[in-house]
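# Analysis of the macromolecular model
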Amino acid sequence: MTMREKIEQAAARYPDQRSAIMPALLIAQREHGHLPGPVLEEVAEILGVERIWVYELATFYTLFHTEPVGKFHLQLCDNVSCMLRRSEDLLTHLEKALRIKKGGTTPDGLFTLSTVECLGACEMAPVMQVGDDYHGNLDIERIDALLGRLRATVPETTGADLAAAEPPGE
Amino acid sequence: MYEPVLLKNVYVPDGHLLSTYEAGGGYRGLAKALKEFTPDEIVDLVKRSNLRGRGGAGFPTGMKWSFVPKLAGKTKYLCCNADEGEPGTFKDRIVMERDPHQLIEGMAISAYAIGAEVAYVYIRGEYVLAIRRLEQAIAEAKAKGYLGTRILGSDFNFVVHVHCGAGAYICGEETAMLDSLEGKRAQPRLKPPFPAVAGLYASPTVINNVETLVCVPQIVARGADWFRGIGPEKSPGPKLYCVSGQVRKPGLYELPMGIPLRELVEDHAGGPPAGRKIKAVIPGGVSAPVIPEPGLDVGMDFDSLAAAGTMLGSAGVIVVDDTTCMVKVATRIIEFFHHESCGKCTPCREGLNWVVKVLRRIEAGEGAPGDMEQLDMLCKGIFGNTFCALGDGAAMGLRASLAHFREEFVAHIEERRCPFH
């Protein structure tokens with residue numbers, strides 16, 4: 001199915017096209033990775049709704065990204081239940097392992113690191129969402145193993161790419 | 001020994017499949033409702049059961065349903081609030097991931113009672129597995145005739161749609177959820193009119209939490225007296241408790257409403273880690289005021305917790321041990337509310353911004369004389385002065401932390417450091 005067909009199918013669930021903006025944005029983001037201006041305009045055109053309605057939702061809800069994010073978006077919960085089980089240590093470790101700060105993306109575009117509000121999985125705190133999946137009961141060993149598995153899913157990069165990914169002076 | 005009812009299928013392999021649900025007696029409540037009860041009789045049955053909403057406010061469910069005007073031909077909606085965002089809460093996710101059919105059955109009976117033919121499940125977008133399982137379950141139920149037209153040979157038609165949220169705590173507030181479903185930024189509406197009269201697309205709408213809806217098939221199958229016989233009569237029924245934080249066995253526990261908080265935390269959840277003591281427990285998600293350890297004998301039900309100055313809320317029980325700084329906990333909670341404030345009301349939007357600044361400087365050892373009074377003043381300025389309960393929850397929680405652990409805050413200011421670091 002094309003993106004247009006998926007959006008039209010989702011829109012059929014509502015008596016009002018405006019209600020379909022959120023599902024349409026989720027579909028478009030799955031397709032494009034993020035939601036730049038032209039994609040938002042396309043969504044407005046497909047649904048036949050005001051462009052401002054689409055823009056205001058894309059900028060209100062935190063799951064929508066108007067800027068690009070890495071192939072793997074590491075979303076570490078640091079709300080109370082995870083904080084009580086030392087999510088801060090995991091954040092420090094991730095920042096060191098990936099050589100980026102919270103909010104940053106690795107130069108190879110592989111990882112974006114964010115902290116998020118409660119993921120609703122406190123029984124397995126500390127927890128992190130990567131793409132569609134939750135990873136719980138995390139500690140430093142498990143984080144390292146997870147990063148290894150994620151890296152292994154992408155094809156080997158050339159030496160030149162790796163050198164370019166190193167931040168200067170390290 | 002209490003026998004779980006709501007979590008019966010949750011730990012069974014393939015508990016999410018229709019075949020498992022049917023084998024355990026699933027959809028018999030719906031069959032019975034359609035065959036033996038009129039819609040009004042279902043409303044009456046739920047009223048008699050004393051079922052109270054499990055989303056946080058504890059409003060009597062049958063009464064909420066009875067506010068829907070009985071206008072034949074007028075479109076009515078049922079919305080399921082599955083936007084579980086209250087920190088410390090994960091019950092609805094587990095139910096939807098592992099036993100989604102009981103939610104579908106609960107929605108079908110509830111929709112029959114209020115005269116709705118369409119329901120939307122507003123589920124938070126992060127819950128990808130729950131979304132998939134629920135969509136799969138809806139397809140299975142449709143294929144078997146539990147959803148669709150002329151359900152089980154009756155005149156009742158009903159469809160369920162899944163609507164994914166996109167990361168906004170405020171959507172758990174029912175009127176903000178309706179705006180979000182209508183494709184707007186989620187901001188709470190002024191009430192009245194209440195949703196039962198003018199809700200989704202200005203039509204009569206009932207909004208119920210996942211756990212509330214899954215109680216309904218049990219009430220139909222086993223009767224109102226059975227339900228009212230579990231726990232305190234005015235706040236009865238089986239209850240899902242989410243236990244997390246500094247405790248040995250965090251997890252989801254189904255136990256009677258009203259069990260002592262101490263028993264839940266110390267016996268069922270195994271108490272604090274070795275060598276540590278419980279300092280405090282937040283009983284109902286971060287909107288609920290904290291209870292210091294000596295108060296743990298309180299019963300976990302709406303009325304007992306209200307009498308103790310806190311609330312059952314979402315039953316997200318967060319355990320804090322004696323190695324943890326309460327200023328740090330309070331700061332993190334207010335940071336959350338500040339981040340999630342929709343921005344509509346000035347006291348919440350600006351007040352919480354101010355509170356975060358004061359708390360962060362106290363925790364960093366940079367607090368100044370007068371900061372405590374400033375926090376007291378800010379709580380007063382926010383509480384009761386906002387459209388929805390977000391600001392109230394933030395202010396009530398902070399007020400309790402300031403009252404019960406004032407000496408910790410003062411020590412930070414006087415020693416100019418965090419005594420726990």
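Just so you know, these numbers come straight off a predicted model, no measurement behind them.

It is worth spelling out the pattern of salt bridges at this point. Applying the stated rule across the entire model yields 41 salt bridges over all chains. Between A:E31 and A:K6 there is a salt bridge, and its shortest N-O distance comes to 3.5 Å. Residue A:E31 is found in helix α2 (residues 21–32), and its partner A:K6 is found in helix α1 (residues 3–11); the two are separated by 25 residues along the sequence. Residue A:K6 is classed as partly exposed on the basis of its relative accessible area, which comes to 30%. In this structure, B:R332 and A:D78 form a salt bridge, with 2.7 Å as the shortest nitrogen-oxygen distance. Taken as a pair, B:R332 in helix α13 (residues 326–340) and A:D78 in the loop between β1 (72–77) and α5 (80–83) lie in two separate chains rather than in one. Linked by salt bridges that have partners in common, A:D78, A:E117, B:R332, B:E335 and B:R360 make up one network.

Here we take up the sheet that holds β1(A). Think of a sheet as strands paired side by side through backbone hydrogen bonds, with each pair either parallel or antiparallel. All names here are of chain A. Reading across from one edge, β2-β1-β3-β4 is the order of the 4 strands in this open sheet, with mixed pairing throughout. The sheet terminates laterally at β2 (111–116) and β4 (133–135), the two strands that pair on one side only. Mean inter-strand twist for the sheet, computed between neighbouring axes without regard to direction, equals 25°. Inspection of the sheet shows β1 paired to strand β3 (residues 128–130) by 3 bridges, in the antiparallel sense.

All right, on to helix α6 (residues 87–98) of chain A then. Along its 12 residues, α6(A) runs 16 Å from first to last C-alpha, staying within 8% of the 16 Å computed at 1.5 Å per residue. In the core, the buried residues of α6(A) are packed alongside β1, α5, β2, β3 and α7 (140–152) of chain A.

Tallying the contact residues gives 55 residues for chain B and 39 residues for chain A. Both faces considered, chain B and chain A share a buried interface measuring about 3,700 Å² in area, 57% of it formed by carbon and sulfur atoms. The tally of links from chain B across to chain A stands at 5 salt bridges. Linking chain B to chain A there are 25 residue pairs in polar contact (both at pLDDT 80 or more). Classifying every residue of the side of chain B that touches chain A gives 27 nonpolar, 16 polar and 12 charged.

Our next topic: the packing of helix α15 (residues 371–382) of chain B against helix α17 (residues 406–415) of chain B. All names here are of chain B. Packing of α15 against α17 leaves a shortest axis separation of 10 Å and a crossing angle of 135°. Accordingly, the angle class assigned to the pair α15 and α17 is oblique. Residues D371, M372 and D376 of α15 form the contact with α17, whose own contacting residues are R406, F409, V410 and I413. Residues that form the contact of α15 with α17 fall into these classes: 4 nonpolar, no polar and 3 charged.

Turning our attention to the side chain of B:S235. All names here are of chain B. For S235, the location among the structural elements is in the loop between α10 (224–228) and β5 (238–245). Overall, the relative accessible area of 1% leaves S235 in the buried class. Within the structure, the side chain of S235 is placed 3.2 Å from the backbone nitrogen of F302, a separation counted as a polar contact. Residues within four places of S235 in sequence aside, it is in contact with R52, M257, D301, F302 and D303.

This paragraph deals with the layout of surface pockets. Reported here for the second largest pocket is a volume of approximately 1,100 Å³. Taken together, 32 residues form the lining of the second largest pocket, with A:L26, A:I27, A:R30, A:D132 and B:V128 sitting closest to its centre. Every element with two or more residues in the lining of the second largest pocket is listed here: α1, α2, β1 and β3 of chain A together with α7 (128–143) and β3 (159–164) of chain B. Residue contributions to the lining of the second largest pocket peak at 5 residues, all from α2(A).

A few words now on the packing of aromatic side chains. A full pass over the atoms with the stated rule returns 15 aromatic pairs over all chains. Their ring planes at 85° and their centres at 6.2 Å tell us that A:Y61 and A:F64 sit as a pair that is edge-to-face. Here A:Y61 and A:F64 have matching classes, each one buried. Taken together, the aromatic side chains of A:Y14, B:Y77, B:Y120 and B:Y201 make up a single cluster linked through ring pairs. The aromatic ring of A:W53 is capped on one face by A:R18, whose charged end is 3.9 Å from the ring centroid. If you follow B:R222 out to its NZ or CZ, it ends over the ring of B:W226, 4.9 Å from the centre.

Our next topic: the packing of α1(A) against helix α3 (residues 37–47) of chain A. Residues and elements named next belong to chain A. Where α1 contacts α3, the two axes come as close as 10 Å, and the packing angle between them is 55°. Comparing their axes, α3 and α1 come out oblique. When you trace α1 past α3, the crossing you get is right-handed. Residues M3, R4, I7, E8 and A11 of α1 form the contact with α3, whose participating residues are E42, V43, E45, I46 and L47. For the contact of α1 with α3, the per-class residue count stands at 6 nonpolar, no polar and 4 charged.

Counting residues in hydrophobic clusters, the biggest one holds 86 residues, and the most contacted among them are A:L25, A:L47, A:Y61, B:I170, B:F337 and B:L398. Of all the elements, α13(B) adds the most residues to this core, at 8 residues. Filtering out sequence-adjacent residues up to four positions away, B:I170 remains in contact with A:F60, B:A176, B:A186, B:P188, B:E340, B:C342, B:C388 and B:L390. Within the second largest apolar cluster, 77 residues are counted, among which are A:C122, B:W65, B:A113 and B:C164.

With that settled, consider the environment of B:L240. Residues and elements named next belong to chain B. Mapped onto the elements, L240 comes out in strand β5. In this structure L240 comes out as buried when scored by relative accessible area, which is 0%. Along the primary structure L240 and P4 are separated by 236 residues, whereas in three dimensions their C-alpha atoms are 9.7 Å apart. What L240 contacts, discounting residues up to four positions off in sequence, is L6, L7, K91, V95, E211, L252, Y253, E254 and A315.

Residues and elements named next belong to chain B. Taken in spatial order, the 5 strands line up as β6-β5-β9-β7-β8 in an open sheet, and their pairing is mixed. The sheet is open, and its two edges are formed by β6 (251–256) and β8 (291–292), each paired on a single side. Sheet analysis places β5 next to strand β9 (residues 316–321), joined by 4 bridges and oriented parallel. Looking at the pairing, C242 lines up with G316 of β9. Of the strands in this sheet, β5 and β6 are in contact with helix α5 (residues 91–98), which crosses β5 at around 115°.

Take the environment of A:E56 next. Note on placement: A:E56 falls in helix α4 (residues 51–60). Setting aside residues up to four positions removed in sequence, A:E56 forms contacts with A:R18 and B:R185.

Each value, and the rule that gives it
Residues numbered from 1 in each chain as written. Chains lettered and ligands numbered in written order. Predicted model: local features only at pLDDT ≥ 70, side-chain atom pairs only at ≥ 80, totals over all residues. Heavy atoms only, no water. Salt bridge = Lys/Arg side-chain N within 4 Å of Asp/Glu carboxyl O. Helix = DSSP H or I, 4+ residues; strand = E, 2+ residues; numbered from the N terminus. Buried < 20%, exposed > 50% of the residue type's maximum accessible area, 1.4 Å probe, protein only. Pairing = 2+ DSSP bridges. Axes fitted to C-alpha atoms, helices over the stretch in contact; angles between N-to-C directions. Expected span 1.5 Å × (residues − 1). Contact = heavy atoms within 4.5 Å. Buried area = accessible area lost by both parts, 1.4 Å probe. Polar contact = N/O pair within 3.5 Å; in protein donor to acceptor, adjacent residues only side chain to side chain. Nonpolar A, V, L, I, M, F, W, Y, C, P; charged D, E, K, R; others polar. Parallel < 35°, antiparallel > 145°, perpendicular 65-115°, else oblique. 1 Å grid on protein atoms, 1.4 Å probe; cavity = no way out; pocket = protein on both sides within 12 Å on 5 of 7 lines; lining within 4 Å. Points joined across faces, edges and corners; volume = space filled by probe spheres on them. Phe/Tyr/Trp six-rings, centres within 6.5 Å; stacked < 30°, edge-to-face > 60°. Lys NZ or Arg CZ within 6 Å of the ring centre and 35° of its normal. Left-handed = near helix turned anticlockwise from the far one by under 90°. Core = buried A, V, L, I, M, F, W, Y, C linked by side-chain atoms within 4.5 Å.

Purely geometric numbers; function is a separate question.
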